[in-house]
Amino acid sequence: TTIRGFGELFGSGMITDTEDIKKYGSRIQQESQRLLFLINDIIRLSELDENNEVVTSSVNLMDTARETAEILSEKAKNADVNIIFEGDKNLCCMCNESYIRELFTNLIDNSIKYNKKGGYVKVSVNFRDGKNVITVKDNGIGIPESDTERIFERFFRVDKSRSKATGGTGLGLAIVKHITQLHDAKLEISSEEGKGTEIIVTFKD
Ligand code: ADP
């Protein structure tokens, strides 16, 4: 609606002031970017819906986590959020590499977006009780207890205005949930409002 509305205004020649052109032009740019993210996430989810067979290979979890975080490093820097890594740097897991990259991307991205200045994101990969475990923990804004149950639902967002401002689609965690299901992995969340969030993915033996 925003894109169409501003597009119509431009088309009618009613916007002539240079400042207005800049302002409305940048709104169109922002909104079209959001639309693109949304379309990509919807396509991603429908691909995951159709794909029940996962091609796996031995994937080094720490390397994958670091490479993913590298792509998000500029965003983390701008948000003044520090990304820390912990755990076994040689840990390998039989999984689908591109899906695991996507899982790390969505979790680390959220931990940056829903954080505070000076906050951290701690990414850990460990072998615990015979299982590979990925943990992404932050000391950001956290999630109210009443919402943690619904957080993996499609389009669910705690704070719609904040999500919109950060370019969220409400589909990131639904994609994470889907990826863990395809790997028969367990997905757990623990969060406290104002204190932070921890998401744990435990692969099967
Ligand atoms: P979005 O695109 O809105 O980020 P997600 O599916 O990734 O969608 O997340 C759903 C909602 O869960 C977010 O809108 C946000 O309210 C909340 N959320 C997700 N991760 C975190 C986190 N690490 N800290 C606080 N809130 C989070």
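Our subject is the structure listed above.
Rules used in this analysis
- Residues numbered from 1 in each chain as written.
- Predicted model: local features only at pLDDT ≥ 70, side-chain atom pairs only at ≥ 80, totals over all residues.
- Heavy atoms only, no water.
- Helix = DSSP H or I, 4+ residues; strand = E, 2+ residues; numbered from the N terminus.
- Buried < 20%, exposed > 50% of the residue type's maximum accessible area, 1.4 Å probe, protein only.
- Contact = heavy atoms within 4.5 Å.
- Lys, Arg positive; Asp, Glu negative; His and termini not counted.
- Charge placed at Lys NZ, Arg CZ, Asp CG, Glu CD.
- Core = buried A, V, L, I, M, F, W, Y, C linked by side-chain atoms within 4.5 Å.
- Axes fitted to C-alpha atoms, helices over the stretch in contact; angles between N-to-C directions.
- Parallel < 35°, antiparallel > 145°, perpendicular 65-115°, else oblique.
- Left-handed = near helix turned anticlockwise from the far one by under 90°.
- Nonpolar A, V, L, I, M, F, W, Y, C, P; charged D, E, K, R; others polar.
- Salt bridge = Lys/Arg side-chain N within 4 Å of Asp/Glu carboxyl O.
- Pairing = 2+ DSSP bridges.
- Patch = residues over 30% accessible without salt bridge, like charges linked within 9 Å, V, L, I, M, F, W, Y side chains within 5 Å.
- Areas by Shrake-Rupley, 256 points an atom, 1.4 Å probe, with all protein chains shown as cover.

Engineer: Would you take a moment to explain the overall build of the protein for this structure?
Structural biologist: A count of helical and extended segments in the protein gives eight helices and seven strands. Projected onto its principal axes, the C-alpha coordinates of the protein cover approximately 65 × 40 × 35 Å. Within the span of the protein, comprising 205 residues, buried residues form 40% of the whole. Sequence separation of 24 or more characterises 71% of the internal contacts of the protein that already satisfy a separation of 6 or more. Side-chain charges of the protein comprise 28 positive and 33 negative groups, with the mean position of each set lying 3 Å from the other.

Engineer: Is there a simple way to explain the nonpolar core in this structure?
Structural biologist: Note that soluble globular proteins tend to have their nonpolar side chains buried in a common cluster. Residues Ile 108 and Ile 134 are the most contacted members of the largest nonpolar core, which totals 41 residues. Looking at this core, the elements that each hand over two or more residues are α2 (18-50), α3 (61-71), β3 (92-95), α5 (97-113), β4 (120-128), β5 (131-138), α8 (172-182) and β7 (196-202). Excluding residues that lie within four positions of it along the chain, Ile 108 makes contacts with Ala 65, Ala 69, Leu 72, Ile 83, Val 121, Val 123 and Val 136.

Engineer: Even after reading the chapter, I still don't get the packing of α3 against α5, so can you show me in this structure?
Structural biologist: Between two packed helices, both the angle of their axes relative to each other and the distance between the axes serve to describe the pair. Relative to each other, α3 and α5 sit at 50°, their axes nearing to 9 Å. Considered as vectors, α3 and α5 are oriented oblique to each other. Considering the relative orientation of α3 and α5, their crossing is right-handed. Residue-level contacts link Leu 61, Thr 64, Ala 65, Glu 67, Thr 68 and Ala 69 of α3 to Ile 100, Arg 101, Phe 104, Thr 105 and Ile 108 of α5. Each residue belonging to the contact of α3 with α5 can be placed in one class, and the counts come to six nonpolar, three polar and two charged.

Engineer: In this structure, what is going on with the pattern of salt bridges? I would like to understand it.
Structural biologist: One pass over the full model with this rule turns up 14 salt bridges. One salt bridge in this structure joins Glu 19 and Lys 22, with 3.6 Å as the shortest N-O distance. With a gap of three residues between them, Glu 19 and Lys 22 both fall in helix α2, about one helical turn apart. Accessibility expressed as a relative area gives 55% for Lys 22, which makes it exposed.

Engineer: What exactly am I supposed to notice about the pairing of β5 here?
Structural biologist: Regular strands place their side chains on alternate faces of the sheet. Burial of β5 is extensive: six of the eight residues sit out of reach of the surface. Across eight bridges, β4 lies against β5 in antiparallel orientation. Residue pairing in the sheet places Arg 128 in a bridge with Lys 131 of β5. Bridge count between β5 and β7: six bridges; the pairing is antiparallel. From the neighbouring strand, Val 136 faces β7, where its bridge partner is Ile 199.

Engineer: Sorry, what's going on with the pairing of β3 here?
Structural biologist: Taking every second residue as pointing to the same face, the buried face of β3 carries Cys 93 and Cys 95, while none of Cys 92 and Met 94 on the other face is buried. One ladder, built from four bridges, connects strand β1 (residues 57-60) with β3; its direction is antiparallel. Bridging from a neighbouring strand, Val 59 pairs with Cys 93 of β3.

Engineer: Is there a simple way to explain a nonpolar patch on the surface in this structure?
Structural biologist: Together, Leu 35, Ile 39 and Ile 43 make up an exposed nonpolar region whose accessible area comes to about 250 Å². Within the secondary structure layout, Ile 43 lies in helix α2.

Engineer: Mind showing me how you'd approach unusual backbone geometry here?
Structural biologist: Phi is mostly negative for residues that are not glycine, and the peptide bonds are mostly trans. Positioned with a positive phi, Phe 155 is a non-glycine residue whose angle comes to about 70°. Structurally, Phe 155 is set in the loop between α6 (145-148) and α7 (160-165). One non-glycine residue, Asp 184, adopts positive backbone phi at about 60°. Position of Asp 184 relative to the elements: it lies in the loop between α8 and β6 (186-192).

Engineer: Mind showing me how you'd approach the packing of helix α1 (residues 2-11) against α2 here?
Structural biologist: Two elements in contact, α1 and α2, have axes whose closest approach is 9 Å; the angle formed by their N-to-C orientations is 145°. As for how α1 packs across α2, the hand of that crossing is left-handed. Contacts between α1 and α2 involve Thr 2, Ile 3, Phe 6, Gly 7 and Phe 10 from the former and Ile 21, Tyr 24, Gly 25, Arg 27, Ile 28, Glu 31, Ser 32 and Leu 35 from the latter. In terms of residue class, the contact of α1 with α2 is made up of seven nonpolar, four polar and two charged.

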